[in-house]
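Here is how the chains run, residue by residue.
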Amino acid sequence: MTRIAVLGAGISGLSTAYALEKLAEQENLEIEVVVLERLDRTGGKVMSVKAEGFLCEWGPNGFLDNKPMTLDLCRALGVDANLLRSNDNARKRFIYAGGTLHRLPETAGAFFKSKLISWPGKMRLGCEMLITPNRGNDDETLADFARRRLGGEALERLIGPMVSGIFAGDPETMSLRSCFPRIYQLEQEYGGLIKAMVKLGRKKRAERKAGQQVASAAGPGGILTSFSGGIQDLTDSLVEKLKAEVRVGSGVERLEPKQDGFLLHLEDATTVEAELVVSAVPAHALTAMLQQADAQAATLLAQIPYAPMNIVCFGYEREKIARDLAGFGYLIAKGEKRHTLGTLWDSSIFPNRAPRGQVLLRSMLGGATNPQAIELTEEEVKKRTMADLKQIMGIDAEPDFVKIFRHRRAIPQYIPGHGSRLAELDERLGQIPGLFLTGNAFFGVGINDCVNASNRIAQKMIDFVAKKQ
Ligand SMILES: Cc1cc2nc3c(=O)[nH]c(=O)nc-3n(C[C@H](O)[C@H](O)[C@H](O)COP(=O)(O)OP(=O)(O)OC[C@H]3O[C@@H](n4cnc5c(N)ncnc54)[C@H](O)[C@@H]3O)c2cc1C
């Protein structure tokens, strides 16, 4: 029997524990898993808060169905029948730029008609196919990449909002290669994004003609998917299906490598022994745990910054809002000088997020471009969010329902040097056999990325166990 400790009960830790149990069963290996979580609840960034008939997501409000990982997990858990796809409204996404909301164009025709990007900006975008690819080894920022290939306007009005929507990040300080590895690859493989689109489009058509199955037609972004009880249904089902003991209120303070395994020192002064340990805690939490075992690895982990964020949920009686709310919501272009990063129209995306006759809007305030916002009082957060909603959506009324969530360290930022830092970390931790890493600090922040990384690490651990047993 091999005893394995999983540190952290967010989606990464829970899905790792689940994959470990499934793989061990398939390979006839005997393992015993314990999940240690510092908080008195499971889910980590995943938490669906129900109050006064509203369902407010504390962190993520779903996952995208254009990648298979989380869907496969839901199938394995037997909860796929309960999945809730965002309705057609969610296709309509908006960008606030130049003092107005523009619908984000979905087709080439809509793009030409759209006023989101000016004609000179569109022409500059079209020149992308003439730009020589950067085959250098430098870890380019997203902003440099966007300026070089797509032009300044596309950076302001397309890339900037996308980066704040996914990472609450600043494109000037984020690594293209680590944040969007696929985009980096497309430039390397095809010489540019337009060339890649044309060639991949041709390939898809040929595959369709040959009768082969072609990846989901959901479009590049996929469809936002959750559950009627909120995204927490996913982590709750994981906890329910795990054989592992899930110990909440069990923060790990220090990790001590031993002859054949580890001694984990907990915050409550007790210890837990395990032969294998997988960390699924945020990088800063692991920094503290590793300080004595490997100070250099701890320093590398401390170099992964996190962006803070306030999530502001406002509920209104529908009739108090004059504008049409059919849509996903909007993100704000760089340089608009607003307080918020954007607002999602949560009750338009999923049907049961607000009581009948009311609506739920969820705004984001802070991020890497405005980190000071985490220090604001609740009253000030509310005031600034209301000011933006008035300016952008014409909402004059006081919200009838308010809930504010604070994330002092919301989302890890993959800054230039992230990839080489991970390689160095891998080398250092290779010296501590039996210790594995997963979690959103390394290979992607989306729920799909977390589940994917967890599946990969669980397989590696099972291979390690197989060699031992
Ligand atoms: C506001 C917000 C909105 C988001 N929206 C989306 C979205 O719509 N779609 C999407 O796909 N992704 C979204 N994300 C990203 C996604 O939610 C996260 O990347 C993902 O949930 C992180 O999961 P994790 O398990 O890696 O980390 P976490 O959820 O942070 O879990 C880590 C766990 O480790 C625990 N821990 C910390 N220290 C210790 C310790 N010393 N000992 C034991 N346990 C410890 C923590 O308490 C926590 O439970 C969003 C994130 C945020 C913050």
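Residues numbered from 1 in each chain as written. Predicted model: local features only at pLDDT ≥ 70, side-chain atom pairs only at ≥ 80, totals over all residues.

Participant: Would you explain the overall build of the protein chain in this entry?
Facilitator: Within the protein chain, the secondary structure is distributed over 16 helices and 20 strands. Scaling as 2.2 N^0.38, a compact globule of 469 residues should have a C-alpha radius of gyration of about 23 Å, and the protein chain matches this with 23 Å. Over its C-alpha atoms, taken along the principal directions, the protein chain stretches across nearly 65 × 55 × 45 Å. Across the 469 residues of the protein chain, 44% fall into the buried class. Taking the intrachain contacts of the protein chain between residues at least 6 apart in sequence as the baseline, contacts between residues at least 24 apart amount to 73%. (Helix = DSSP H or I, 4+ residues; strand = E, 2+ residues; numbered from the N terminus. Rg over C-alpha atoms; globule rule 2.2 N^0.38 Å. Buried ≥ 20, exposed ≤ 12 C-beta atoms within 10 Å, placed from the backbone. Contact = placed C-beta atoms within 7 Å.)

Participant: What is the right way to read helix H5 (residues 142–149) from this model?
Facilitator: Residues lying three or four places apart along an α-helix face the same way, a consequence of the helix completing one turn every 3.6 residues. Every buried residue of H5 is accounted for by Leu142, Ala143, Phe145, Ala146 and Arg149. Mapping the buried residues of H5 onto a view down its axis gives an arc of 160 degrees, with all of them on the same face. Where H5 is buried, its residues meet helix H6 (152–167), helix H7 (176–179) and helix H9 (193–209). With its phi angle positive at about 100 degrees, Gly151 sits one or two positions after the end of H5. (Arc of directions from axis to C-beta.)

Participant: Help me out: how do you make sense of the pairing of strand S9 (residues 224–227) in this one?
Facilitator: Regular strands have side chains that alternate between both faces of the sheet. By the bridge criterion, 2 bridges tie strand S5 (residues 63–64) to S9 in an arrangement that is antiparallel. From the neighbouring strand, Leu64 faces S9, where its bridge partner is Leu224. Where strand S6 (residues 83–85) meets S9, 3 bridges bridge the pair, whose relative direction is antiparallel. Residue Arg85 lies in a different strand from S9, and its bridge partner there is Thr225. (Pairing = 2+ DSSP bridges.)

Participant: Mind showing me how you'd approach the environment of Glu267 here?
Facilitator: Relative to the helices and strands, Glu267 resides in the loop between strand S12 (261–266) and strand S13 (271–274). Owing to 12 C-beta atoms within 10 Å, Glu267 belongs among the exposed residues under this scheme. The residues touching Glu267, leaving out its near neighbours within four places in the chain, are Gly251 and Glu253.

Participant: Looking at this model, I keep getting lost on the confidence of the model for the protein chain. Mind explaining?
Facilitator: Parts of the model with low pLDDT should not have their predicted coordinates read in detail. Confidence in the prediction for the protein chain averages 94 pLDDT; 98% of positions are at 70 or higher. Long-range and interchain partners of residues 214–220, a stretch whose pLDDT sits below 50, account for 9 contacts in this model, where long-range means more than four residues apart. (pLDDT = per-residue confidence, 0-100.)

Participant: What is the right way to look at the domain arrangement of the protein chain in this model?
Facilitator: For an interface, size is often stated in terms of accessible area lost upon the parts coming together. For the protein chain, the assigned domains read domain 1 (2–40 + 238–304 + 414–468), domain 2 (50–58 + 62–89 + 306–412) and domain 3 (117–209). Placing the centre of domain 1 and that of domain 2 at their C-alpha centroids yields a distance of 31 Å. Taken together, the 17 residues of domain 1 in the interface contact 11 residues of domain 2. Listing elements by their share of the side of domain 1 that touches domain 2, those giving two or more residues are helix H10 (232–241), helix H11 (283–290) and helix H16 (447–468). (Domains from an automatic or database assignment.)

Participant: Teacher, can you tell me more about the site of the ligand here?
Facilitator: Inspection of the region around the ligand gives 36 residues, with Gly8, Gly10, Ser12, Gly44 and Pro60 positioned closest. Elements that contribute at least two residues to the shell around the ligand include exactly helix H1 (11–26), strand S15 (306–317), strand S19 (401–412) and H16. By residue class, the composition of the shell around the ligand is 20 nonpolar, 13 polar and 3 charged. (Near = placed C-beta within 6 Å. Nonpolar A, V, L, I, M, F, W, Y, C, P; charged D, E, K, R; others polar.)

Participant: Explain unusual backbone geometry to me, please; I cannot follow it from the model alone.
Facilitator: The bulk of non-glycine residues show a negative phi, and the bulk of peptide bonds are trans. In the Ramachandran plot, Glu52 falls in the positive-phi region, its phi being about 50 degrees despite a non-glycine side chain. Within the secondary structure layout, Glu52 lies in the loop between strand S3 (48–51) and strand S4 (54–57). Residue classification places Glu52 among the exposed positions, given that 12 C-beta atoms sit within 10 Å. Here Lys337, not a glycine, exhibits a phi torsion of approximately 55 degrees, which is positive. Tracing the chain through its elements places Lys337 in the loop between strand S16 (329–332) and strand S17 (340–344).

Participant: I would appreciate a short explanation of the sheet that holds S6 in the present structure.
Facilitator: The 3 strands are arranged S5-S9-S6 in an open sheet whose pairing can be described as antiparallel. Strands with a single pairing partner mark the edges of an open sheet, and in this sheet they are S5 and S6.

Participant: Looking at this structure, I do not really get the nonpolar core. What am I missing?
Facilitator: Counting 65 residues, the largest nonpolar core has Ile95, Tyr96, Leu142, Ala146, Phe167 and Ala168 as the members making the most contacts within it. Looking at which element gives the most residues to this core, the answer is S15, with 7 residues. If we ignore the near neighbours within four places in the chain, the residues touching Leu142 are Ile159, Val163, Pro171, Met174, Leu176 and Cys179. Residues Ile231, Val246, Ala283 and Met289 belong to the second largest nonpolar core, which totals 60 residues. (Core = buried A, V, L, I, M, F, W, Y, C linked by C-beta atoms within 7 Å.)

Participant: Whenever I open this one, the sheet that holds strand S14 (residues 276–279) confuses me. Can you help?
Facilitator: Pairing within the open sheet is parallel, and its 5 strands lie in the order S10-S2-S1-S14-S20. The sheet is open, and its two edges are formed by strand S10 (245–247) and strand S20 (435–437), each paired on a single side. Across the sheet, the mean angle from the axis of one strand to that of its neighbour is 20 degrees, orientation sign disregarded. (Axes fitted to C-alpha atoms, helices over the stretch in contact; angles between N-to-C directions.)

Participant: For this particular structure, what's the right way to read the pairing of S3?
Facilitator: Of the strand pairs in this sheet, S3 and S4 are connected by 4 bridges, and their pairing is antiparallel. Following the sheet pairing, Lys50 is matched in S4 by Leu55. Hairpin connection of S3 to S4: 2 residues between the antiparallel strands, including Glu52 at a positive phi of 50 degrees.

Participant: Would you take a moment to explain the packing of H1 against H16 for this structure?
Facilitator: Helix packing for two helices is described by the angle between their axes and how far apart those axes are. Orientation of H1 relative to H16, taken along the N-to-C sense of each, is 40 degrees, at an axis distance of 8 Å. Between H1 and H16, the angle is such that the two are oblique. Where H1 crosses over H16, the two elements pack in a sense that is right-handed. Taking contact as the criterion, the partners of Ile11, Ser12, Ser15, Thr16, Ala19, Leu20, Leu23 and Ala24 in H1 are, on H16, Ile447, Cys450, Val451, Ala453, Ser454, Asn455, Ile457, Ala458, Gln459, Met461 and Ile462. For the contact of H1 with H16, the class distribution of residues is 13 nonpolar, 6 polar and no charged. (Parallel < 35°, antiparallel > 145°, perpendicular 65-115°, else oblique. Left-handed = near helix turned anticlockwise from the far one by under 90°.)

Participant: Sorry if this is basic, but what is going on with the environment of Ile447 here?
Facilitator: Mapped onto the elements of the fold, Ile447 is located in helix H16. Put simply, Ile447 and Met69 are 378 residues apart on the chain and 8.8 Å apart in space, counted from C-alpha to C-alpha. Leaving out residues up to four positions away in the same chain, Ile447 has contacts with Ile11, Pro60, Phe63 and Thr70.

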